[in-house]
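Topology and contacts: notes
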Amino acid sequence: MLALSGVAAVSGLAGCAAFGGDDGDGSNETDDEGNDTNETNDETDETDAGNETDEGNVTDGDNATDEDNESDAGEGNESDAEDGYSLSVTVETGDGDPIEGATVWLEGDQLATGDAPEEASDAGNETSANETGNETGANETGNETGANETNASNETSSGNGTNANETGNGTDTSSEYENETGGNGTVEFTGLADGEYTVLASAEGYAESEETVEIDGGNTETTITLEEGGSDLAVETEYNSREEYAQPGDSFDDFEDLSSWSITEGNAEEDTDISFTGSQSVRLYTEEEGANMVIERDLESDNPDLTDLDFSMAVRTPTPENIAVELRFVDVYGSSRIYQLPSIAYRGGDAGWFRTAPGVFEEDEYPPEMDFLDRLEVRIHHTGEGAEVWVDDIRTHQKPDSGYVVLGWDDGLRTFYEEASPLHDEYGVNAVQSVVRQWIIGGREDVMTRGELLERQEAGDQIVGHGTHARFAEMEPDQLRDSVETDKQFKVNSGFEGANFLTFPHNSFNSTVLDIVSDYYYAGGYNQAGNVNLTAVYGFDPLVLPRTIGHDLELCQDCVDTAAQYNQCTVLNFHDFGLDNTIDRDEYDQLLEYIDGTDNVEVITLDELWEMRTENQ
């Protein structure tokens, strides 16, 4: 075992073990105060019942179909290309010159004929009834249960019943309805049924345009003219946001000098092989089931004034399941305040270092005097058989002038358009909508059309990406990059002004995902939990934001109150009023009314949150 300043790390001490120096006398010994986790959250064990496969047993758009289920995306009207009609689209400039490499795509109900999902299909598959509502109480970590949950949407892991425009292993079959023009500025779509189609075209340096075309018993041609101009959005990012904003705020402790730190629970040691910054970090570990790990730093001798500050810390763990990360400040009178990340959502291996800027999770009746502190505890709670976590680079951050709420809606479902958007308009607040390209292009009946999304954007909502709705961490790197780039191109072409932001489908990410996604998106995530799960505004990891599942009205209101009280940000996540992971319409109305009546809190979009984050680096 690696020695710390000449003193070996200590396992399971009754009192305090110094990293460097004599053991403590136990006077600062902490107990769990009910903070141990008793429940677990595993979002990757979910199975969904219908339109998306995770086994890769999907039909191939070119040469295979499932005998008893829908045909694949390229066969949306259940006929071979030879049995349908062709549509030839030419894209040209205002001077009549052909534009090579223009992106052209089709929209229309005919593209999903025979493949339209049942109501609420695929909605909310990230969370389910068994994942919400089972969280631990106020004095526990809030790691909600969710292992092996199923939900009643139309998504499956069996491989039978692929969505017309998506396959669970990440294969993107919607390209049958999206293509680029050749040297003559022309692209051809085949196998189309009779009916009306919307043809959209865009190219870099030109404003997007669209035409309505009707196929009526024969092959058809059309020409779309693009004028110079267009969006300032780009497919690729100008910089890696996680590198650019890796160390916001001011350094509080870089773990280079461990003389003020001691071990009070579990095992800990310095690690000179793995660090976020500098020459070393601290590794906390245990092989005991449910055993917590705690290190603490003496603050009384330094007497720092931490009033009106937020905090962040770099974290790395290859065992993210069932873990909560906590910073606990205790003043000389024994009063404490807990900042907590109650759940780490990623699966599929080590995600590398990420920064958490946890929001306030709990505070004693008499708040601690943050300018008269006794100690800081770094606490790792877990309920599994073993855990290994590295921590490094604790930093402080100024607070904004108020608290903030982001109202996130996943999947772009029609329920929002028909039932939730009138409430948003009534209260004058905006939503952040994460939409799936294939479902829009394929004309799914239960999702908003591109026109409806642009209408909501005009009303103030922000339209962001949601990937292919397949698990990113399970995709091969080349396949993931192609999928992410294609998805971003569609958002840019569609004029979605939130195209620089992404919600990971199924909360699925790892280090490879973060590396690739950062080439196309600036911010998003998330680390998701079914309990209070806020973030500091100026210190979060750009692509690992936390959010809270909006399954309970009282929980949502608690998040709003906490954001208002401590000038932090809560991201609340919803899917569909008919699902257990989303409060119903009447409760949502009450929530918006509650936000409207709460002082010192404002509803914002991810773009506004990102602007504050980058301007206060």
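1. A short note on the overall build of the chain
- Helices and strands together make up the secondary structure of the chain, namely 9 helices and 32 strands.
- Every one of the 617 residues in the chain was classed for burial, and the buried ones make up 61%.
- About 22,300 Å² of surface is accessible on the chain, with carbon and sulfur atoms providing 36% of the total.

2. Quick look at the pairing of strand E17 (residues 293-298)
- With 5 of its 6 residues buried, E17 lies for the most part within the structure.
- By the bridge criterion, 4 bridges tie strand E14 (residues 261-265) to E17 in an arrangement that is antiparallel. When the sheet's bridge partners are listed, Ser262 is paired in E17 with Glu296.
- One ladder, built from 6 bridges, connects E17 with strand E23 (residues 373-382); its direction is antiparallel. When the sheet's bridge partners are listed, Ile295 is paired in E23 with Val378.

3. Description of the side chain of Thr222
- Locating Thr222 in the fold gives a position in strand E12 (residues 220-226).
- Taking relative accessible area as the criterion, Thr222 reaches 15% and is therefore assigned buried.
- Those residues in contact with Thr222 that lie beyond four places of it in its chain are Leu87, Ser88, Val89, Thr90, Glu211 and Val213.

4. Re the packing of aromatic side chains
- One pass over the structure, following the stated rule, counts 21 aromatic pairs.
- Ring centres of Tyr245 and Trp610 lie 5.5 Å apart, and the angle between their planes is 85°; on these two criteria the pair is classed as edge-to-face. One end of the pair, Tyr245, is in the loop between helix H1 (241-244) and strand E13 (250-253); the other, Trp610, is in helix H9 (residues 606-615), and 365 residues separate them in sequence. No difference in accessibility class separates Tyr245 from Trp610, as the two residues are buried.
- Ring geometry for Phe311 against Phe329: centres 4.5 Å apart, planes inclined by 35°, an arrangement best described as tilted. Here the residue Phe311 occupies a position in strand E18 (residues 309-316), and Phe329 occupies one in strand E19 (residues 323-331), the gap between them amounting to 18 residues.
- By relative accessible area, Phe329 is classed as buried at 0%.
- If you follow Arg444 out to its NZ or CZ, it ends over the ring of Trp439, 4.0 Å from the centre.
- Against the face of Phe540 rests Arg613, its NZ or CZ located 5.5 Å from the ring centre.

5. Focus on unusual backbone geometry
- Its identity as a non-glycine residue notwithstanding, Asp411 has a phi of 90°, on the positive side.
- Within the secondary structure layout, Asp411 lies in the loop between strand E25 (403-410) and helix H2 (414-427).

6. Overview of the nonpolar core
- If you look at the biggest cluster of nonpolar residues, it comprises 60 residues, and the most contacted ones within it are Val89, Leu407, Phe574, Tyr588, Leu591 and Ile595.
- In terms of residues, this core owes the most to one element, helix H7 (residues 553-566), which gives 7 residues.
- Apart from the residues within four sequence positions on either side, Phe574 is in contact with Leu407, Gly408, Trp409, Asp410, Gly550, Cys556, Thr582, Ile583, Tyr588 and Leu591.

7. Details of the confidence of the model for the chain
- Taken residue by residue, the chain gives an average pLDDT of 81. The fraction at 70 or more is 76%.
- In this model, residues 21-81 is a region of pLDDT below 50 whose contacts with residues beyond four sequence positions or in other chains number 218 contacts.

8. Some remarks on H7
- In this model H7 runs 20 Å from its N-terminal to its C-terminal C-alpha over 14 residues, within 8% of the 20 Å that 1.5 Å per residue would give.
- The buried fraction of H7 is high, at 10 of 14 residues.
- Buried within H7 we find Leu553, Leu555, Cys556, Gln557, Cys559, Val560, Thr562, Ala563, Ala564 and Tyr566.
- By the N-cap criterion, in which a side-chain oxygen at the helix start approaches the backbone nitrogen of a residue two or three places on, H7 is capped by Asp552, the distance to Glu554 being 3.1 Å.
- Trailing H7 by a residue or two, Asn567 shows a phi angle of about 55°, which is positive.

9. Here's the deal with the packing of H2 against helix H4 (residues 450-459)
- H4 packs onto H2 with a crossing angle of 15° between their chain directions and a minimal axis gap of 12 Å. Relative to H4, H2 is oriented roughly parallel. The handedness of the crossing between H2 and H4 comes out as left-handed. Within the contact between the two elements, H2 uses Arg414, Phe416, Tyr417, Ser421, His424 and Asp425 and H4 uses Glu452, Glu455, Arg456 and Ala459.
- Across the contact of H2 with H4, the residue classes break down as 3 nonpolar, 2 polar and 5 charged.

10. Some thoughts on H9
- Of all the residues in H9, the buried ones are Leu606, Leu609, Trp610, Met612 and Arg613. Projected onto a plane normal to the axis of H9, the buried residues spread over an arc of 160° and lie on a single side.

11. A short note on the environment of Asp83
- Following the sequence through the fold, Asp83 ends up in the loop between strand E4 (47-48) and strand E5 (85-93).
- The class of Asp83 is exposed, set by a relative accessible area of 58%.
- Considering only alpha carbons, one finds Asp83 and Gly191, 108 residues apart in sequence, at a separation of 6.4 Å.

12. Observations regarding the packing of H2 against helix H8 (residues 585-596)
- Two numbers describe how H2 lies on H8: the axes approach to 10 Å, and their chain directions differ by 20°. With respect to H8, the axis of H2 lies roughly parallel. Note that H2 runs across H8; the crossing there is right-handed. Here H2 contributes Glu419, Ala420, Leu423, His424 and Tyr427 to the contact with H8, which in turn contributes Arg585, Tyr588, Asp589, Leu592, Glu593 and Asp596.
- Broken down by class, the residue content of the contact of H2 with H8 amounts to 5 nonpolar, 1 polar and 5 charged.

13. Some thoughts on the sheet that holds strand E9 (residues 186-192)
- Ordered in space as E9-E5-E12, the 3 strands form an open sheet in which the pairing is mixed. Both edges of this open sheet fall to E9 and E12, since each of them pairs with a single strand only. When strand polarity is set aside, the average angle formed by the axes of neighbouring strands in this sheet is 20°.
- Strand direction decides the pairing type here: E5 and E9, joined by 5 bridges, are antiparallel. Its bridge partner being in E9, Tyr85 is matched across the sheet by Leu192.

Rules used throughout
Throughout this document, residue positions are counted from 1 along each chain, in the order its sequence is written. With the structure being a predicted model, the display of local features is reserved for residues of pLDDT at least 70 and the display and counting of side-chain atom pairs for 80 or more, all residues being used for whole-chain, interface and lining totals. The side-chain numbers reported here are obtained from all heavy atoms of the structure, hydrogens and water having been left aside. Secondary structure follows DSSP: runs of H or I at least 4 residues long count as helices, runs of E at least 2 residues long count as strands, and numbering of each begins at the N terminus. Think of it in three bands: residues with accessible area under 20% of the maximum for their type are buried, residues over 50% are exposed, and the middle band is partly exposed, with areas taken using a 1.4 Å probe on protein chains only. Residue exposure ignores everything except the shown protein chains as possible cover, and the areas themselves are Shrake-Rupley values with a 1.4 Å probe. DSSP calls a pair of strands paired once it identifies at least 2 bridges connecting them. Contacts are assigned to residue pairs that have any heavy atoms within 4.5 Å of one another. Ring pairs shown here join Phe, Tyr and Trp side chains whose ring centres sit within 6.5 Å, with only the six-membered ring taken for Trp; geometry is labelled stacked below 30 degrees between planes, edge-to-face above 60, and tilted in between. Note on criteria: charge over ring means Lys NZ or Arg CZ within 6 Å of the ring centre, with the direction from the centre no more than 35 degrees off the ring normal. For our purposes a nonpolar core is just a set of buried Ala, Val, Leu, Ile, Met, Phe, Trp, Tyr and Cys residues, chained together by side-chain atoms within 4.5 Å. The pLDDT value tells you how sure the predictor is about a given residue, anywhere from 0 up to 100. Given the number of residues in a helix, its expected span is that number minus one, multiplied by 1.5 Å. In protein, a polar contact means a hydrogen-donor-capable atom and an acceptor-capable atom, both N or O and within 3.5 Å, with residues adjacent in sequence counting only if both atoms are side-chain atoms; elsewhere, any N or O pair within 3.5 Å suffices. A fitted line through C-alpha atoms represents every axis, and for helices the fit uses only the stretch in contact; the resulting angles, taken between N-to-C directions, go from 0 to 180 degrees. Angle categories are assigned with fixed cut-offs, so that under 35 degrees is roughly parallel, over 145 is roughly antiparallel, 65 to 115 is roughly perpendicular, and the rest are oblique. Helix crossings fall into two classes, left-handed where the near helix is turned counterclockwise from the far one by less than a right angle and right-handed where it is turned clockwise. We call Asp, Glu, Lys and Arg charged. Ala, Val, Leu, Ile, Met, Phe, Trp, Tyr, Cys and Pro are nonpolar, and the rest, Gly among them, are polar. Starting at the helix axis, one direction is taken to each C-beta atom, and the arc is that of these directions.

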